[in-house]
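Chain residues, written in single-letter form:
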Amino acid sequence: MEEALNLARMGLGYTSPNPTVGCVIVKDGEIVGRGYHHQAGTPHAEVWALREAKEKAKGATVYVTLEPCAHYGKTPPCARALVKAGVAKVVCAMLDPNPLVAGKGAAILRNAGIPVIVGLMSKEAVKMNEVFIKNMIVHKPFIAVKLAQSLDGCTASRTGKSKWITNDTARQEGHYLRSLYDAILVGINTVESDNPLLTSRTTRPGHERPKQPTRIILDSTGRIDLQALLVTDKQSPTIIVTTERCPESKRQALNTAGVEVIVAAADDEGRIDLNGLMDTLYKKGICSILIEGGSTVIGSFFDENLVDKLYVFTGHIIMGGKGKSSVGGKGINELSEAPELEYESVAIRNNNIFIEAYVKDREGAYVHWNH
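Residues numbered from 1 in each chain as written. Predicted model: local features only at pLDDT ≥ 70, side-chain atom pairs only at ≥ 80, totals over all residues. Heavy atoms only, no water.

As named in an unreviewed UniProt entry, the chain is Riboflavin biosynthesis protein RibD, taken from Megasphaera micronuciformis F0359. UniProt annotates the chain under Function (unreviewed entry) with the comment "Converts 2,5-diamino-6-(ribosylamino)-4(3h)-pyrimidinone 5'-phosphate into 5-amino-6-(ribosylamino)-2,4(1h,3h)-pyrimidinedione 5'-phosphate." (UniProt positions renumbered as here; feature names shortened; annotations may be inferred.)

K.L.:
So, helix H11 (residues 274-283): which residues are in play, and what are the values?
P.N.:
Where H11 is concerned, the buried positions are Leu274, Leu277, Met278, Leu281 and Tyr282. End-on view of H11: buried residues confined to an arc of 135°, all on one side of the axis. Measuring from the side-chain oxygen of the N-cap residue of H11 to the backbone nitrogen of Asn275 gives 3.4 Å; that N-cap residue is Asp273. Gly285 occupies a position one or two residues after H11 and carries a positive phi of about 95°. (Buried < 20%, exposed > 50% of the residue type's maximum accessible area, 1.4 Å probe, protein only. Helix = DSSP H or I, 4+ residues; strand = E, 2+ residues; numbered from the N terminus. Arc of directions from axis to C-beta. Polar contact = N/O pair within 3.5 Å; in protein donor to acceptor, adjacent residues only side chain to side chain.)

K.L.:
Give a description of the packing of aromatic side chains that names residues and reports values.
P.N.:
Here the distance between the centres and the angle between the planes together describe a pair of aromatic rings. All chains considered together, the criterion is met by 2 aromatic pairs. The interplanar angle of 80° and the centroid separation of 6.4 Å between the aromatic rings of Tyr181 and Tyr311 together place this pair among those described as edge-to-face. Placement of Tyr181 in the loop between helix H7 (168-178) and strand E8 (183-187) and of Tyr311 in strand E13 (residues 309-314) is noted, with a sequence separation of 130 residues between them. For the residue pair Tyr181 and Tyr311, the accessibility class agrees, reading buried in each case. Arranged with centres 5.0 Å apart and planes meeting at 80°, the rings of Phe313 and Phe354 form a pair that is edge-to-face. Placement of the pair is Phe313 in strand E13 and Phe354 in strand E16 (residues 352-359), with a sequence separation of 41 residues. For the residue pair Phe313 and Phe354, the accessibility class agrees, reading buried in each case. In this structure, Arg51 packs its charged tip against the face of Trp48, placed 5.0 Å from the ring centre. (Phe/Tyr/Trp six-rings, centres within 6.5 Å; stacked < 30°, edge-to-face > 60°. Lys NZ or Arg CZ within 6 Å of the ring centre and 35° of its normal.)

Written out as structure tokens, the structure reads:
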């Protein structure tokens, strides 16, 4: 199962809106077939593994990170393919939260006389597909926040200096994270101060080039410069989210430049309604978003209780004084209002601290691993 999870990891970010799945087929103590889901619309993990195993699949044990599918989509049901191949047993880490599957794949196998064991390394499998799980349960994008800060929680000095708070290791990890998510989101202040590209430079095993996220900019009045890299660069699609306060002429100019413009509803303060925007983006097929800043944007996502996960990169410096906080927004009045975190991992790499954490009781978490 560990090998199946390693295979599944190769598809992370590429398979959206599908889950990422790995499969290993074992016969007489030897692995005879391996496979993983490469991207949406291509064969599923079980199919690749069966193709490699060929006739050796008969009487073999199949280890798969997610319950084999039971429905006809862009590909035939994998559960029936396993029955046809004559496998002896199927071990899956977790059941599929997709209502079209949800135990039906396991039922097909069991009805054919094939034992199905569920729950081996389930926690790891749930983490692997945390985006897909939330999508299936609540039909909303999975939202992760990336923070790069000093030890005292600042993203810039009092004069606005921020390069570089963290080291090369942290920046390389940041590029890897960008490749995992459908989209990366920043506010117009970040665009104006940094003129970023917001692309990934990480080429991962099994792929020839970096997987690029769609770039989303929150710009309620249409301030973005038409010569900004996010407008002129065509490595990945760019979406400008604005409101009716953005002049029609600017919207047309952005469209002409190849940028998609979404006119979102505004809240009472004239800012973009983030809850409504998340619904709009999900309907457009954006299943996961990495928020990279700045402080005001990150804070607004926390204010609206929209954050699922945090990646915190802490550098080896202290700002002090009036350094800019890594999380802005309205904040809280009482400590009881603060979102409680569950730390997943903490590591020191090249003298920087790396923290991965989840917001406790987040919406769309899947905790029923064993069935």
